[in-house]
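Here is what each chain is made of, one letter per residue.
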Amino acid sequence: MFIYMSKKIAIPKQSKVSCISWNHSSGYIAVGGEEGMLKVLKLESGGGGNLSMNLSLEGHTGQICVAIWNEVFQKLTTSDEHGVIIVWMLYKGSWYEEMINNRNKSTVSSMCWGSDGQKICIAYEDGAVIVGSVDGSRVWGKDIKGPGLAAVQWSPDNSSLLFALSNGELHLYDDQGNFMMPVAVNGINGPMEVTTMDWFAGTAPRNRPVLAVCYRGGMLLLMKNCIEEDSILIDTNMTTIDCHWNHIGTVLAVAGHTSDNTNVVQFFTAYGEHIRTLRVPGGTMRALSWEKRSLRLAIAVDSFIYFANVRPDHKYAFYGNTLAFISGAETVTFWDTVTNQSWVNHIPDVIDMYGAEEYCIIATVNTLIISNQQGIQCDAKTVNVSMTYVTINSKAIAVAASKESFMVWKFSTPSRSLTSEQLFHPDGSLLTANGTAFQDDTICCLACSDSHLLIGRDSGTILLFSLLSFKRITSININSRPYKMSLNSNSSKFLVIDQPGCLHILDTDMSNNISVGQALRKDVWSAMWATDNPHMLAAAEKARLYVMRDNEPEEPLVMQGYLCKFKELEITTALLDNLSDKCSPQHIVRVEVKSLRDTRQLIEKVGLKEAENFIKDNPHPQLWLLLAEAALRKFESENAVETAEAAFVRRNDYAGIKFVSRLNALHSSALKKAEIMAYFKDFDAAEKIYLNEDRRSGALEYYKMSNNTEGLKKCYMALEDNESLSKLFISSPRTAKDTKLKQNDAELLDSKINEQPSIQYIIQLKESGRTIQAANMAFQLANVEASKNASPLRIKKLYILAGHLYNQNPGAAGCTGAEWWRRGAAQHWLATAASPMRPDAALRAAARLHALLPALHPAQHRAAWCTIASIAIQNRAFDLASKAFIKLEAMDPAVFENLAVEIFTRCRPKDAKGNRIECPNCEGSMPEWVSSCPRCSWQLETCAVSGRSLHGSHTLWCCRVCDARAPRHELVLRHSCPLCHAELA
């Protein structure tokens, strides 16, 4: 994560702020200070920083000591130095006193609402405890004997209370005030006074600490619960003031001041690992509080409130057009940003991920997973050591690193089935099976290109290796812990962002231990090289985005989201802070660099010549393409076509050069315009121009003059003039003779129609114009072949043939064409499921076969159910397997009964967890391979190529003949419908 100061708000009359609390539900900020100063603020939405609410609450006379929110009932509870407690409520835009209490004996040291908002516990400095309900009634009270109380916290389930005594002891009570046990605290050095406690009430893994106890002397205690003694003890090396968990309990912010009175906020993981330190200006720091989503932090210093922006380290990968990101506690979403189709996979405990070209690598606690752009697992490897960092390149080489070692893994791809891996020490020496991997100078980050590998270590050392020979090239020390690294497109340079946010750009051929020099930029939290230009990179600096060419920055842009891709002078970012499993185009932001924007403006407002001169000074293939396309649109202007040709030459675009050559060969301006419209894929406009030109009408007149019947047929067919074509056929002298011959052939064919159906008879019926009879015979022949358990592909072709023949005369009575397509689809999925393929693809085919099984011939049912059962067991879809075995036992109990008992005594008839999708009807979750929703029985549309369930009709292709459907990207290499084989429209 990265954090930086962003805004400061002054409190009127220079009132010192003593406490601050940010409401996570509504966004209100309660600010308390001296002389009864109490304000409720609210920042404008969108992160602008201006106040949309600034109200003063009158009621206290002394310094406000404690301010807490009841998140459930939206109430504010405050207490001052005189012991006065006030509960505030919001009504019609104003805050009113709902309840007031004054014990008049002692000052409140701490207050805490339960996570359900029903009870509040009030702890006084003299040891008195009062527990009250949300309606103001007293539940119970108690005096805890001893030195007094310093802090109190409810347990996450509201079943117990943890008190910190003034001498540092921790005591646990139940929710009725009965003492349960003292909590063991060992190893605390220095003052034992507890400044604050925070017990995270949200969902967390059982092995993750959720209770933080902060001691004034600088010690920090992290505990999973109050019973286990294996707590984590950290020395923060400062006098602590306040601490709070972020909204998901993964980061703890600890505020304090160092020995030289410098205000700092330190950030730790839940396991005690130090993440980052933020220096805070000003005099005395008193309190801090997180925003709702932990993207901002409010810090009280003197009479000011400082706001710091937080950039979390989201786990995500952008490769191809796919964005993979963590969308839930145990799920990863793969989102195609072009088609807006997404797939949700069950992958728990993700530690890191990275993507390049076609694949991404995902590291979990004990597994490395390779996934393609649709989220399909292509390879996986079990590891003994948890890998903290991963990277991958376009050569199908993945690198994974723990703190003490790293592994280079050549994973399997369709073109490379063999895999290999090697383990190394951080210094690059080979790690043997019996060798120890413990290192003092541990790995903190890594990066790779197709030819080089970078390993960053805690000491500031960066090691550069060759991935080809795996020899160490150089070693560089940047005198600070590396945070992020990246190599440019040709591996000639690499960037390093260190822990304080300094950006360094270094050459890969630098000598060992060379001095790095001054940082290029500061406060940088992310950077990315352009994939098509080794001299350009984009750097995110605080809330701004800088594009740098040869280390020289352009005018900054507003930074939105996280860097995903920099290509063709366009930067793609993703708004990950706002992203869940519901993906929409609004979550992707594309920004053009300055040279691309300037070229556009020159073309639109000045002219092509000036734009060409500008591009010569700032050459880039994308700029030359922009100029070429602009020149083509203005092809009638002087020298426009020549400018387009020169631009295509500059960008080495052979297809563009050939297109201009073809354009120059045309002498009609209208035809040139039509060709240009077709180049820009405006085919409707191009077709309209061609029709207006009417290039075929001249030939028609000449064919009429010469009585050329064959030529007239071609013209009428091209013009789609069916009426003239029919007249031409009737007037032909051969018509009468042909009709008599056809009648004789029909009589001969009728005599054979009752014989065994065959392909020859089907052809004769079709040629004689009797398409319905031909369709019926094809249908009969398909049923005969199915009864013999012939090849499903052959049977499918016969059903499809029947459907095509029926479509030529759809008004006739008989079996509907839709029924033939349905039977053909059943044979299609039977053949697909029986063919060799990936297990997940086979499971989808089996599910589609299961849905269409009634359309199969009864003689095929046994083979179909066996296929479904075999595939379901292989994929651990035991619910589907159970349904298949029920049918098989009914057919042949002697064969299948014992086998079913053996399988289902070991495995329950329940499908294993896997990739899941959302039902478009009831929004329920279901396996991605099912054909209908288990909750609402909604029938899902199915891809005829892959068997996947389809979402988003605007991205789909639909066959005009059989109504088969598929995403358009599945048909890139196809020329016909995968089901009926009709030509693609």
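Further up the page is the structure itself.
Residues numbered from 1 in each chain as written. Predicted model: local features only at pLDDT ≥ 70, side-chain atom pairs only at ≥ 80, totals over all residues. Heavy atoms only, no water.

(A) Local environment of the packing of helix α3 (residues 621-633) against helix α4 (residues 640-650). In contact at an axis separation of 8 Å, α3 and α4 are set at 160 degrees when each is read in the N-to-C sense. By the criterion of interaxial angle, the relationship of α3 to α4 is roughly antiparallel. In the crossing of α3 with α4, the sense of the turn from one axis to the other is left-handed. Where α3 abuts α4, its residues Trp-624, Leu-625, Leu-627, Ala-628, Ala-631 and Leu-632 lie against Ala-640, Thr-643, Ala-644, Ala-647, Phe-648 and Arg-650. Partitioning the contact of α3 with α4 into residue classes produces 10 nonpolar, one polar and one charged. (Axes fitted to C-alpha atoms, helices over the stretch in contact; angles between N-to-C directions. Helix = DSSP H or I, 4+ residues; strand = E, 2+ residues; numbered from the N terminus. Parallel < 35°, antiparallel > 145°, perpendicular 65-115°, else oblique. Left-handed = near helix turned anticlockwise from the far one by under 90°. Contact = heavy atoms within 4.5 Å. Nonpolar A, V, L, I, M, F, W, Y, C, P; charged D, E, K, R; others polar.)

(B) Representation of the sheet that holds strand β28 (residues 304-311) within the structure. With antiparallel pairing, the four strands of this open sheet are ordered in space as β1-β28-β27-β26. Whereas interior strands pair on both sides, the edge strands pair on one side only; in this sheet they are β1 (2-10) and β26 (285-290). Ignoring which end each strand starts from, the neighbouring axes of this sheet average 25 degrees apart. Summarising the sheet, β1 and β28 pair through eight bridges and their orientation is antiparallel. The residue of β28 that forms the bridge with Met-5 is Ala-308. (Pairing = 2+ DSSP bridges.)

(C) Structural context of the packing of aromatic side chains. A complete count under the given rule lists 26 aromatic pairs for this structure. An angle of 25 degrees between the planes, with centres 6.3 Å apart, marks the rings of Tyr-28 and Trp-69 as stacked. On the criterion of sequence distance, the pair formed by Tyr-28 in strand β3 (residues 28-33) and Trp-69 in strand β6 (residues 64-70) is long-range, its members being 41 residues apart. Both residues of the pair, Tyr-28 and Trp-69, count as buried. Here Phe-424 and Phe-470 contribute two aromatic rings whose centre-to-centre distance is 4.2 Å and whose plane-to-plane angle is 20 degrees, an arrangement assigned as stacked. Residue Phe-424 is located in strand β40 (residues 420-424), and its partner Phe-470 is located in the loop between β43 (461-466) and β44 (472-477); the two are separated by 46 residues in the primary sequence. Note on accessibility: Phe-424 and Phe-470 belong to one class, buried. One aromatic cluster is present, formed by Phe-406, Phe-424, Phe-465 and Phe-470 through successive ring pairs. Here the guanidinium or amino end of Arg-103 rests over the ring plane of Tyr-124, the centre of that ring lying 4.5 Å away. (Phe/Tyr/Trp six-rings, centres within 6.5 Å; stacked < 30°, edge-to-face > 60°. Buried < 20%, exposed > 50% of the residue type's maximum accessible area, 1.4 Å probe, protein only. Lys NZ or Arg CZ within 6 Å of the ring centre and 35° of its normal.)

(D) Just a positive patch on the surface, in detail. Taken together, the side chains of Arg-908, Lys-910, Lys-913 and Arg-916 make up a positively charged region of the molecular surface. Exposure remark for Arg-908: the relative accessible area of 63% places this residue in the exposed category. (Patch = residues over 30% accessible without salt bridge, like charges linked within 9 Å, V, L, I, M, F, W, Y side chains within 5 Å. Areas by Shrake-Rupley, 256 points an atom, 1.4 Å probe, with all protein chains shown as cover. Salt bridge = Lys/Arg side-chain N within 4 Å of Asp/Glu carboxyl O. Lys, Arg positive; Asp, Glu negative; His and termini not counted. Charge placed at Lys NZ, Arg CZ, Asp CG, Glu CD.)

(E) Focus on the packing of helix α13 (residues 771-787) against helix α14 (residues 792-807). Two elements in contact, α13 and α14, have axes separated by 8 Å at closest approach and are oriented at 165 degrees. What the angle tells us is that α13 and α14 run roughly antiparallel. As α13 packs across α14, the resulting crossing turns out to be left-handed. Across the interface between the two elements, Thr-771, Ile-772, Ala-774, Ala-775, Ala-778, Phe-779, Leu-781, Ala-782, Asn-783, Glu-785 and Ala-786 from α13 touch Arg-794, Ile-795, Leu-798, Tyr-799, Leu-801, Ala-802, Leu-805 and Tyr-806 from α14.

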